[in-house]
Amino acid sequence: MTGNEIRQKFLDYFERHDHQVVRSSSLVPVGDPTLLFTNAGMVQFKGVFTGTEQRDYRRAASSQKCLRVSGKHNDLERVGFTARHHTFFEMLGNFSFGDYFKEEAIELGWRFLVDEMGVPAQDLWVSVFEKDDEAFRLWSEKIGVPEGRILRRGEKDNYWSMGETGPCGPCSEILLDQHPSSSPPFEEDLESDRFLEVWNLVFMQFVRSEDGKRNPLPKPSIDTGMGLERLCAILQGVTSNFHTDLLFPLIRFTEGFTEKRYDLKGDFYDRTHMSFRVIADHVRAIAFLVVDGVLPSNEGRGYVLRRILRRAARHGRLLGIDNPFLYRAVEEVTNLMKHFYPELRDALTYISRVTLAEEERFVHALDQGLPILSDLIAGGKEKGIIDGKALFKLYDTHGFPLDLAEDTATEEGLSLDLGGFNEAMEEQRARARASWKGFGEGVVSPAHQALKKAFSPVHFVGYEKLSCQAKILALVKGEKPAKEAAQGEEVEVLLDQTPFYAEAGGQVGDQGVLEGEEVRFLVEDCQAPMPGYRLHRGRVEQGTLRVEDEVEARVDQERRERTVLNHTATHLLHAALREILGDHVKQAGSLVAPDRLRFDYSHFSSLKSGEQQRIEERVNEHVRQDAPVTCKQMTLEEALAEGAMALFGEKYEERVRVVSVEGVSKELCGGTHTKTSGKIGLFKIVHEGSVAAGVRRIEAVTGYEALAHVQKGESELGRIGDLLKARPLEAAEKVEKLTAERRELKQEIQKLRQRLDLGLTEDLLAKVKDLDGVRVLVARVDESDPKGMRGLIDAFKVKIRSGIVVLGAIDKEKAILSAGVTKDLAGRFHAGEILKASVAVVGGTGGGRPDFAQAGGKKASRLDEALDKALEVIQHTIQQTS
C-alpha cells in the first residue's frame, strides 16, 4: 500500500464515520502569533477548541502538513541521523468539537489500525495517564487489550496542554512493539526503539485557569495525531520512515547527481547514508515552505528556510555534488505529492527558481568559506576548539553561517569558541554605532522631547492645500530652545499647523518658505523626529524670526507636484511587479523625491530578458488609463478586510489612510499623490539591480524627468553615431564590427607575445642550474602580468621536464613572484613554501598549491633579494631531503 493510498484510506474511513474532511492549512499559521509554523493537526482548529470560532461541523479529519525544527524531539540537527526525525511531515488526525469523547475516539482509532490497515492486534500496546481509570477500562473491557499491555504513565508522558492556560487533558498513545517479547517492558524499553508511538489520542476534558486549577470543560473534545510517515513504515514493513515510498524515491533521485549509492542493507549510520536522508527530508520542507509564501532571508521563517536549504546543500557537497541540484529535487517532490497537494504543481516553476537562486548564493558562500574553515579546523585540532574571532571573520566577510561551521566542527570532534565569536560581533556593532550620525529611529534630542511635553501634535493640512496661515510655537537652535533667530541663522521651526509634508514612508520632506512681516525663512527640509511633530528645518533669509510670530507657510508647489508623480508611480510599479513577477513581490523600501524614485522589492533572482520592458510598459498602460486616485481614512481592520496591502514591519495607527488607484492597487500609505494616474505622463526605468540577498531595486523617473532622460539618451546615441560615422540606429551594428576587429587584434598581439616569450625562454634556459640532480631556474623577467607569469612558469616546466622554476618581475612599483614545481617533485618541494620566505623580503604575503604559487609585495627594490631567498630555501630543502 502506497503512502498516498494510506492517506486517502484514513480520510475515507473517517468520512464514512461522519467526519468532515478538512484540507490541510498552510505551514504559516494565520492569525496565531504564538507559532512560527504549523506544527500539529489541531493548529487550524485552535479557535474552535477555545470557543472563539464556530464551524458548521462537530467532527473533522485531516492530513495536515507540519514543520518542526526545534524542541526536545524535533531538533533540526537530528534529522537524517535517526529513522524517524523530520522537519516536514504529515499529521493524520481526527477531531471532535464537543461531539464524541473517549469511548468513540478509542474505538475509531483501534478499528482503523487493526481492521482497516491490518496491523496485528497482538503487536499493539497502549499507554494511558496514570490517573485515567476510564481510559484504562475502555481499552481493557471495550477493546479487549490485555491489561498487561496497558501502561500507566505520568503527566510528563501522557498529559497534554495547549499552553500554560486553556484546554488540557490526559492522552492515550497506541504503541507498536517492534521487537515482541514475552517479558513485560522495563521503563528503558519505553524510551528505546522497541516501542514505536503510532497514534496519540488527546482527551481534552479540562481547562486550566491562571491559578493552575483544572476545571471540567463544558464540552469535552478529541484531538488526535498520527504521523503518516510512521504509519507508512509500519504498513510497508520497513524500519525507517526514509525507506518508505514517501521519501525513498527522493534518495534514489539524489543518487543521480553523485557516484555514491544508498545501500538499504548497509550501515544505517554510515555518513553517506545520513547525507542522503538529510537531503530527502529537507527538500520536502523547502518545497512546501516556498509554496506557502516563505522566502529565504536572515530572520524569522525565512531564516529557517535558508538554514534548511543550506544544510541540504552542504550534505550534497559531502556526497560530491558541487553544483546546484535541490532546485531539480523539488520537481521530484512535486511528482510524488502533486495529487494531494496540487499547489505544488501549480507553483513548480516558482519553487524551482527560488530554490536555485538561494542555492547559487550559498554555493558561492561555500566556495569562498569552506577552504578557510578547513584551515581553521586544522589549526584548532591541537586545542580542540576553533578560534571565535577567526570564525566571526569567516561569517562577516563571506556570509558563512555559524550553525554550518558548528555542524562541520562537531563532525571533526571540535567545539567553537562562541564567546570569542560573540565578542567580535559586539565589537563590530560598537563600531557601527560609533560611525552613526544624525537622527535615527528612536533617537530624540532633549529639546525635541521638551516640545512634545509642551505642545500638542501639529495639525497637517498638506493633503488639501499647499499654503496656510500658521503661528510659530517654538524654535530649536543647535538642539536648544530659542526665542528668536536672526538673518543667516539655521533653526528648526514648530508651527501650530502646516502644509509641509514631513519625510516618511520613503517620501522626502517638502521645501518652501515661511513669510511674515519683514521676515522670510527658507524651509530646506521637513522632518518628524516624533510622530505628529513636524519640524521645518532651514535658515532665516531676511529679518528676525520669533516665537509667537504669525507667518504664511507655503510649500514649493512645483517640487511637491514632481514628488507626487513619483509617489503614485511607486504604487503602479508595485502592482506591475506583482502582476508580472508574482504575488511574492513585496515592497522592501523606497525613496520618493522630486527628481526620481527608488523602489526596493523582494524577489529571488535577476529579471529575465524582456521582464523589465514588460514592467515599464505595464506601468505606462496604467498611466494612460488616467485612473482616479482616491484616499480614505478607515480603521486598520477595515482596510485589511478591503484587501489593502500593508507593508511588513511597518507600524500602523488605529486609523489608517488607504490610497487606491482605481482598478490597479490599494495600499496603506500616508504620502501625497496625484488626483489621477494620467498626471504622471511618462514612466521610465533607469536602473534595475540587486541590493541584498532576495531584494532588488528599481530606479525610475517620471514626467519631465522621464522625458529629459529619453532625450538625453537620444542625444548620446546621436553623438555615438557621429563618432562612428553612422546613423544613430545603425550605431550598434558599427560597434559590433569594431568589437570583432578589436578581438582579432588582441589575438594577433597574443601570438606576437608568445613568439617573444619563446625567445625569452631560450635565453633563460641557459641559466638553469643543476643542484644535486634537481634542475632549478631562479630569474628576473620583464613580464608583469600575473597570467603571463603563470604562462612562463608552465612553459619552463615543460621545457625542463623535471625541476623548479621561480620568476620575479616588477609591476607598477610592486614586486611579483611566481613559483612552479613539476609533478614528479611536488611531494618533495612545495611552491607555496618556497615563496613564503621570499615574499616576506618584499613586504608581502601569498601562497598556493604544491605545484604553483604566486605572491606579491610593495618593496619592489628588494626583488633580487627575494629571488636569492627563494634559491636559498630550495637549496636548504635539497640538503634536508637528500
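Before any of the text, the structure's been laid out above.
What you see is a predicted model; the values in this text were computed from it and never measured. (Residues numbered from 1 in each chain as written. Predicted model: local features only at pLDDT ≥ 70, side-chain atom pairs only at ≥ 80, totals over all residues. Heavy atoms only, no water.)

1. Things to note about the pattern of salt bridges
Selection criterion: The salt bridge definition used is simple: a Lys or Arg side-chain nitrogen within 4 Å of an Asp or Glu carboxyl oxygen. Secondary structure elements follow DSSP: runs of H or I no shorter than four residues count as helices, runs of E no shorter than two count as strands, and numbering proceeds from the N terminus. Only protein chains enter the accessibility calculation, which uses a 1.4 Å probe; a residue is then buried when its area is under 20% of its type maximum, exposed when over 50%, and partly exposed in between.
For the coordinates displayed, the defined rule picks out 46 salt bridges. Here Glu616 and Lys684 are joined by a salt bridge, their closest N and O atoms 3.4 Å apart. Of this pair, Glu616 sits in helix 19 (residues 611-624) while Lys684 is found in strand 28 (residues 683-692), placing the two residues 68 residues apart along the sequence. Judged by relative accessible area, Glu616 falls into the buried class, the value being 14%. Through salt bridges with shared partners, a single network forms among Glu515, Arg520, Glu541, Glu552 and Arg554.

2. Re the environment of Ala40
Stated precisely, the cut-off is as follows: Pairs of residues are marked as contacts when any of their non-hydrogen atoms sit within 4.5 Å.
Here Ala40 is to be found in the loop between strand 1 (20-21) and helix 2 (46-50). Taking the C-alpha atoms as reference points, Ala40 and Gly225, 185 residues apart in sequence, are found 7.6 Å from one another. Sequence-distant contacts of Ala40, defined by excluding residues within four places in its chain, comprise Gln64, Cys66 and Arg68.

3. What to know about the environment of Ala569
Tracing the backbone shows Ala569 in helix 18 (residues 557-581). Measuring from C-alpha to C-alpha, the distance between Ala569 and Val619 comes to 7.7 Å, with 50 residues separating the pair along the chain. In contact with Ala569, not counting residues within four places along its chain, are Leu597, Ile680, Phe683 and Thr702.

4. Examining the nonpolar core
Note the threshold: Throughout this description, the term nonpolar core refers to a set of buried Ala, Val, Leu, Ile, Met, Phe, Trp, Tyr and Cys residues connected via side-chain atoms within 4.5 Å.
Among the nonpolar cores identified, the biggest contains 110 residues, and Phe112, Leu113, Trp139, Trp199, Met226, Leu344 and Ile386 are the most heavily contacted of them. Those residues in contact with Ile386 that sit more than four places away from it in its chain are Leu373, Leu376, Ile377, Leu391, Ala409, Leu414, Ser415, Leu416 and Asp417. Grouped together as the second largest cluster of nonpolar side chains are 27 residues, Ala576, Val585, Val659 and Phe683 included.

5. Here we look at the packing of helix 24 (residues 831-841) against helix 25 (residues 863-881)
Heads up, the rule is: The convention used is that axes are lines fitted to C-alpha atoms, helices contributing only their stretch in contact, and that angles between N-to-C directions extend from 0 to 180 degrees. Angular relationships are summarised with four words: roughly parallel below 35 degrees, roughly antiparallel beyond 145, roughly perpendicular across 65 to 115, and oblique for the angles in between. The crossing is said to be left-handed when, going from far helix to near helix, the turn is anticlockwise and less than a right angle, and right-handed when the turn is clockwise. Under the scheme applied, nonpolar residues are Ala, Val, Leu, Ile, Met, Phe, Trp, Tyr, Cys and Pro; charged residues are Asp, Glu, Lys and Arg; polar residues are all the others, including Gly.
Axis separation between helix 24 and helix 25 bottoms out at 8 Å; the angle between their running directions is 150 degrees. One way to sum up the angle between helix 24 and helix 25 is to call them roughly antiparallel. Here helix 24 and helix 25 pass one another in a crossing that is right-handed. Contacts between helix 24 and helix 25 pair Glu833, Ile834, Ala837, Ser838 and Val841 from the former with Glu865, Ala866, Lys869, Ala870, Val873 and Ile874 from the latter. By residue class, the composition of the contact of helix 24 with helix 25 is seven nonpolar, one polar and three charged.

6. Some details on the state of the cysteines
Put plainly, a disulfide is one covalent bond tying together the sulfur atoms of two cysteines. Applicable threshold: We call a pair of cysteine sulfur atoms a disulfide when they lie within 2.5 Å.
One pass over the full model with this rule turns up zero disulfides. Summary of cysteine pairing: Cys168 is not part of a disulfide, and the nearest cysteine sulfur, belonging to Cys171, is at 11 Å.

7. Focus: the pairing of strand 26 (residues 655-661)
Look at any regular strand and the pattern is simple: side chains alternate between the two faces of the sheet. Worth spelling out the cut-off: Two strands qualify as a pair provided DSSP detects at least 2 bridges between them.
Burial within strand 26 is extensive, with six of its seven residues counted as buried. Examined bridge by bridge, strand 25 (residues 629-635) and strand 26 share seven bridges and lie antiparallel to one another. Note on strand 26: the bridge partner recorded for Val629 is Val661. Taken together, the four bridges between strand 26 and strand 27 (residues 665-668) define a ladder with antiparallel strand orientation. Paired with Val659 across the strands is Glu667, a residue of strand 27. Between strand 26 and strand 27, which pair antiparallel one after the other, the connecting turn spans three residues, and Gly663 there sits at a positive phi close to 80 degrees.

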